[in-house]
Structure formats: structure tokens, C-alpha cells
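Residues per chain, in single letters:
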Amino acid sequence: DPKIIQKPKYLVAVTGSEKILICEQYLGHNAMYWYRQSAKKPLEFMFSYSYQKLMDNQTASSRFQPQSSKKNHLDLQITALKPDDSATYFCASSQDLGGRDTQYFGPGTRLLVL
Amino acid sequence: GQQVQQSPSSLVLQEGENAELQCNFSSTATQLQWFYQSPGGSLVSLLSNPSGTKHTGRLTSTTVTKERRSSLHISSSQTTDSGTYLCAIDLTGYQNFYFGKGTSLTVIP
């Protein structure tokens, strides 16, 4: 059974619209993350959460808003979508935020903005 | 500037040959992880190795922290090893990883 679920797997959106990417982890981890991978850039760190609290935000735009309704959920809301937002968005988790814990990644959501 | 540089960018091997992948990073890292990204896009952590040498299966990673470099050795490569190998470093101690562009490995039978 997959331990980190991301939904949907694929998403097509129009410019200017809003979408929510879902992430749930069943590893019992306390820390969760979002990363983005586009064709032009390496995998980029976006956000980290620990016990449902935002710990770090490396995303310049406020159009990206993480939402944590439960300890094992970290969704990503993206508003006013732009074609440059097209990328694969990966959710990850680790036991805790500090230390040297291994990060585990979900399968990703591929977003295409037209 | 780019925090993590990987070389080579691509590598083609005959099955059974060994691979040596390099990772150089520009700042002191509290953590270093090697990941495998399958042709389908899924990401799997292979090794966490902030310093020293670690082995798992056919993989050996050696990280020399002072010299800001790490290597990943794959022995007796198999066609199923084909994919992209990513090196990632954590500069903050809070699991905020910076990734390299990866080494694309193709193993032919």
C-alpha cells in the first residue's frame, strides 16, 4: 500500500484558475514538505511543516498556500495559476524536522497550466 | 548560484559495469542524501550520508565533508538501475533539501 498519497496524479488547469493538490502520509511522520520539479530547474524545496505548523517557506509567491487540516495531511493551494506553474509537485515527509531523518516522497502531481 | 553540482550529467553503461557518480556542493551540509528518480518520475531515497562511507546492497557512498563532495558507486549495474540519480543537501539542519540536476544513467543489456 502506498504510504504517501498524492491526488490527483494529473491536473490540467487554465490560466487564472485555482487548484488544490492533496497529500496524505501514513508513515506516522511529524514533518511534511512540498517540492516542485519543472523541466527547466532541479527539484526545488517549497515548504516545510512540523506538527502542522509552517517552519520554512522558500516560495516567493503568496499564490502558493499550504494547508494542514490534520497531522498527516498537507495540501497545497495554488491561486491565479500561470503557465510557469506547470511542474510536478512532490509531497514528502520525515519522522521529524531536525536531525538526519530520511525523507520519503510521494508519487507527485503533474500540473499543466494552459 | 547553484548549490549542488552533479557529474557526469549522463552516463551509459553495459550491464555489469560499475558506475561512479559525483556530487559537489558549495556550502557546508548538515545532511546529504542520494535519491533515485525512476523514468516514470517516482523518487526513492537511496542513502543518507552526511560524512564517511556507507553501503547498502550494490551502492556505496563516500562523503568528504571538508572537501564538500560525495560520490555514489554502483557496482555490477543492472538494466533496472536506469534512471536519474539525484544528490541533495540540507544546509539548515531542518530538512530543506537543495537538489542537483542529477545524473541520468542508462544501463544497456
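Residues numbered from 1 in each chain as written. Chains lettered and ligands numbered in written order. Predicted model: local features only at pLDDT ≥ 70, side-chain atom pairs only at ≥ 80, totals over all residues. Heavy atoms only, no water.

Undergrad: What should I look at first to understand the sheet that holds strand β3 (residues 19–25) of chain A in this one?
TA: Strands belonging to one sheet form pairs held by backbone hydrogen bonds; the direction of such a pair is parallel or antiparallel. Residues and elements named next belong to chain A. Here we have four strands laid out as an open sheet, ordered β1-β3-β8-β7, and antiparallel in their pairing. Two strands close off the open sheet at either side, each with one partner strand: β1 (4–7) and β7 (64–67). Pairwise comparison of adjacent strand axes, ignoring direction, gives a mean angle of 15° for this sheet. By the bridge criterion, four bridges tie β7 to strand β8 (residues 75–78) in an arrangement that is antiparallel. Following the sheet pairing, F64 is matched in β8 by I78. (Pairing = 2+ DSSP bridges. Helix = DSSP H or I, 4+ residues; strand = E, 2+ residues; numbered from the N terminus. Axes fitted to C-alpha atoms, helices over the stretch in contact; angles between N-to-C directions.)

Undergrad: What's the story with the pattern of salt bridges in this structure? I'm lost.
TA: Two side chains that carry opposite charge are able to pair once their charged atoms sit near each other. Residue and element names in this part refer to chain B. The final tally for this structure, using the stated rule, is five salt bridges over all chains. For D81, the salt bridge is made with R58, and the minimal N-O distance between the two is 2.9 Å. Of the two residues, D81 sits in the loop between β8 (69–74) and β9 (83–90) while R58 sits in the loop between β6 (52–56) and β7 (59–64), which places them 23 residues apart along the sequence. With relative accessibility at 9%, the residue D81 sits in the buried group. Here E67 ties to R69 by a salt bridge, and the two come within 2.6 Å at their closest N and O atoms. (Salt bridge = Lys/Arg side-chain N within 4 Å of Asp/Glu carboxyl O. Buried < 20%, exposed > 50% of the residue type's maximum accessible area, 1.4 Å probe, protein only.)

Undergrad: How should I be thinking about the interface of chain A and chain B in this particular structure?
TA: Many analyses report the size of an interface as the accessible area lost when the parts associate. If you look at the interface, chain A gives 20 residues, while chain B gives 19 residues. At the boundary of chain A with chain B, total buried surface from both sides reaches about 1600 Å², with 49% on carbon and sulfur atoms. Considering only the surface of chain A that becomes buried against chain B, P42, L43 and R100 of chain A emerge as the three largest contributors, covering 29% of it. For the interface between chain A and chain B, the tally reads zero salt bridges. Between chain A and chain B we count eight residue pairs in polar contact (both at pLDDT 80 or more) in total. (Contact = heavy atoms within 4.5 Å. Buried area = accessible area lost by both parts, 1.4 Å probe. Polar contact = N/O pair within 3.5 Å; in protein donor to acceptor, adjacent residues only side chain to side chain.)

Undergrad: Even after reading the chapter, I still don't get the packing of aromatic side chains, so can you show me in this structure?
TA: Working definition: an aromatic ring pair is given by the centre-to-centre distance plus the angle between the planes. Under the definition given, this model contains 10 aromatic pairs over all chains. With a centroid separation of 6.3 Å and 70° between ring planes, the pair formed by F90 of chain A and F105 of chain A is classed as edge-to-face. Remark: F105 of chain A occurs in strand β10 (residues 104–105) and F90 of chain A occurs in strand β9 (residues 87–94); sequence separation between them is 15 residues. Among the aromatic residues, ring-to-ring pairing joins Y35, F45, F90 and F105 of chain A together with F35, F97 and F99 of chain B into one connected group. Taking the ring centre of F64 of chain A as reference, the NZ or CZ of R36 of chain A above it sits at 5.1 Å. (Phe/Tyr/Trp six-rings, centres within 6.5 Å; stacked < 30°, edge-to-face > 60°. Lys NZ or Arg CZ within 6 Å of the ring centre and 35° of its normal.)

Undergrad: Teacher, can you tell me more about the pairing of β9 of chain A here?
TA: The side chains of a regular strand alternate, first on one face of the sheet and then on the other. All names here are of chain A. Burial of β9 is extensive: eight of the eight residues sit out of reach of the surface. Judged by which residues are buried, β9 turns out to be covered on both faces: A87, Y89, C91 and S93 on one side and T88, F90, A92 and S94 on the other are all buried. In this structure, strand β4 (residues 31–37) lies alongside β9, joined through seven bridges in antiparallel fashion. Pairing of Q37 across the sheet is with T88, part of β9.

Undergrad: Any chance you could explain the state of the cysteines here in plain terms?
TA: Linking two cysteines covalently via their sulfur atoms produces the bond known as a disulfide. Residue and element names in this part refer to chain B. Enumeration over the complete set of coordinates arrives at two disulfides over all chains. Across the disulfide, C23 is cross-linked to C87 (sulfur-sulfur distance 2.0 Å). Since a negative S-S torsion denotes a left-handed disulfide, the C23-C87 link at about -70° is left-handed. Remark: C87 occurs in strand β9 and C23 occurs in strand β3 (residues 19–25); sequence separation between them is 64 residues. (Disulfide = S-S within 2.5 Å.)

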